[in-house]
Amino acid sequence: MFLFKNEVNKLKILIDADGCPVTRIAVDEAEKHDIEAIIYCDTSHDFSSYNAKVITVSKGADSADFALVNDAEKGDIVITQDYGLAAMALAKKAIPITQNGLIINDFNIDGLLNSRHEAKAARRAGKHLKGPSKRTHKQDADFTAALLSLIK
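Residues numbered from 1 in each chain as written. Predicted model: local features only at pLDDT ≥ 70, side-chain atom pairs only at ≥ 80, totals over all residues. Heavy atoms only, no water.

**Details of the overall build of the protein chain**
In plain terms, the rule: Secondary structure elements are taken from DSSP: a helix is a run of H or I of four residues or more, a strand is a run of E of two residues or more, and numbering for both begins at the N terminus. Only protein chains enter the accessibility calculation, which uses a 1.4 Å probe; a residue is then buried when its area is under 20% of its type maximum, exposed when over 50%, and partly exposed in between. Only heavy atoms enter the contact rule, under which two residues are in contact if any of them lie within 4.5 Å. For accessible areas, the Shrake-Rupley method is used with a probe of radius 1.4 Å. Any residue's cover is judged against the shown protein chains and nothing else.
Scanning the protein chain for helices and strands turns up 5 helices and 5 strands. Put simply, the protein chain has 152 residues, and 40% of those count as buried. Restricting to contacts in the protein chain with at least 6 residues of sequence separation, those with at least 24 account for 52%. Carbon and sulfur atoms form 53% of the exposed surface of the protein chain, whose accessible area is close to 8900 Å².

Pasting the structure below:
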């Protein structure tokens, strides 16, 4: 998939950085390809050392998500592990990608949202769900490959 935007509407990489393990990779790739990277976070995080624009919002439920989706435009790449945010980004014709390199689209979003709903219902019912395992180099490589497939 190739993305082209005119000079008025240049491609951007928008990063939902709260708990995102690939922020550094995304910013580095954006810089290599002369793409603006914008990091969205709340006041409990500090990304000032990154070579990217940082938008810090007040701490609150989904405050960074709403700021990001409000700024998203058609064709922008949105890095998030939040399927709700991904769905909103899709509605704006942006392209969501997860930290593991899954490119979210109109064909897989319903299943992802359903799995999120089922996990939430299980937690409410008192079930203990296994958390994510330790991040691997392969996951970083998969993310990088998927990101590059979107920007080249």
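And the narrative resumes.
**Looking at the confidence of the model for the protein chain**
Applicable threshold: The pLDDT value tells you how sure the predictor is about a given residue, anywhere from 0 up to 100.
Of all residues in the protein chain, 85% have pLDDT values of 70 or greater, and the mean over the chain is 86. The secondary structure element of the protein chain with the lowest average pLDDT is helix H4 (residues 109-124), at 66, and the one with the highest is strand E4 (residues 77-79), at 98.

**A short note on the pattern of salt bridges**
Counted only if it meets this: When a carboxyl oxygen of Asp or Glu lies within 4 Å of a side-chain nitrogen of Lys or Arg, that pair is called a salt bridge.
As enumerated under the stated definition, the model contains 5 salt bridges in all. The salt bridge partner of Asp76 is Lys12, with a shortest N-O separation of 2.9 Å. Placement of the pair is Asp76 in the loop between helix H2 (63-71) and E4 and Lys12 in strand E1 (residues 12-16), with a sequence separation of 64 residues. Taking the relative accessible area as the measure of exposure, Asp76 reaches 0% and is therefore buried. Given a relative accessible area of 10%, Lys12 falls into the buried group. For Glu29, the salt bridge is made with Lys32, and the minimal N-O distance between the two is 3.2 Å. Placement of both Glu29 and Lys32 in helix H1 (residues 23-32) is noted, with a separation of 3 residues, approximately one turn of the helix. If you follow the salt bridges from partner to partner, you end up with Lys12, Glu73 and Asp76 in one network.

**Structural notes on unusual backbone geometry**
In this model, Asp34 sits at a positive phi of 55 degrees, which is unusual for a non-glycine residue. Within the element layout of this structure, Asp34 appears in the loop between H1 and strand E2 (36-42). Assessed through its relative accessible area of 63%, Asp34 is described here as exposed. Within the chain, Lys93 stands out as a residue other than glycine whose phi angle is a positive 70 degrees. Looking at where Lys93 falls in the secondary structure, it is placed in the loop between helix H3 (83-91) and strand E5 (95-97).

**Structural notes on the sheet that holds E5**
For clarity, the cut-off: Strands are treated as partners if at least two bridges between them are detected by DSSP. To get an axis, a line is fitted to the C-alpha atoms, and for a helix only the part in contact is used. The angle between two axes follows their N-to-C directions and goes from 0 to 180 degrees.
Ordered in space as E3-E2-E1-E4-E5, the 5 strands form an open sheet in which the pairing is parallel. At either margin of the open sheet sits one strand with a lone partner, and together these are strand E3 (53-57) and E5. The mean angle between the axes of side-by-side strands here comes to 20 degrees, regardless of whether they run parallel or antiparallel. Two elements, E2 and E3, share 5 bridges in a ladder whose sense is parallel. Looking at E3, one finds that Ile38 is bridged to Lys53. Its contacts with the sheet put H1 on E1, E2 and E4, and the angle it makes with E1 is roughly 170 degrees. Packed onto the sheet, helix H5 (residues 137-151) meets E1, E4 and E5 and runs at close to 165 degrees relative to E5.

**Side note on the packing of H2 against H3**
Test applied: Any angle that is under 35 degrees is reported as roughly parallel, and any over 145 degrees as roughly antiparallel; angles of 65 to 115 degrees are reported as roughly perpendicular and all others as oblique. Take the far helix as your reference; a near helix turned counterclockwise from it by less than a right angle gives a left-handed crossing, and one turned clockwise gives a right-handed crossing. Put simply, Ala, Val, Leu, Ile, Met, Phe, Trp, Tyr, Cys and Pro go in the nonpolar bin, Asp, Glu, Lys and Arg in the charged bin, and everything else, Gly too, in the polar bin.
Close contact between H2 and H3 brings their axes to 9 Å; oriented N to C, the two are set at 15 degrees. Overall, the two elements H2 and H3 adopt an arrangement that is roughly parallel. As H2 packs across H3, the resulting crossing turns out to be right-handed. The segment H2 lies against H3, with Asp65, Phe66, Leu68 and Val69 engaging Leu85, Met88 and Ala89. Per-class residue counts for the contact of H2 with H3 are 6 nonpolar, no polar and 1 charged.

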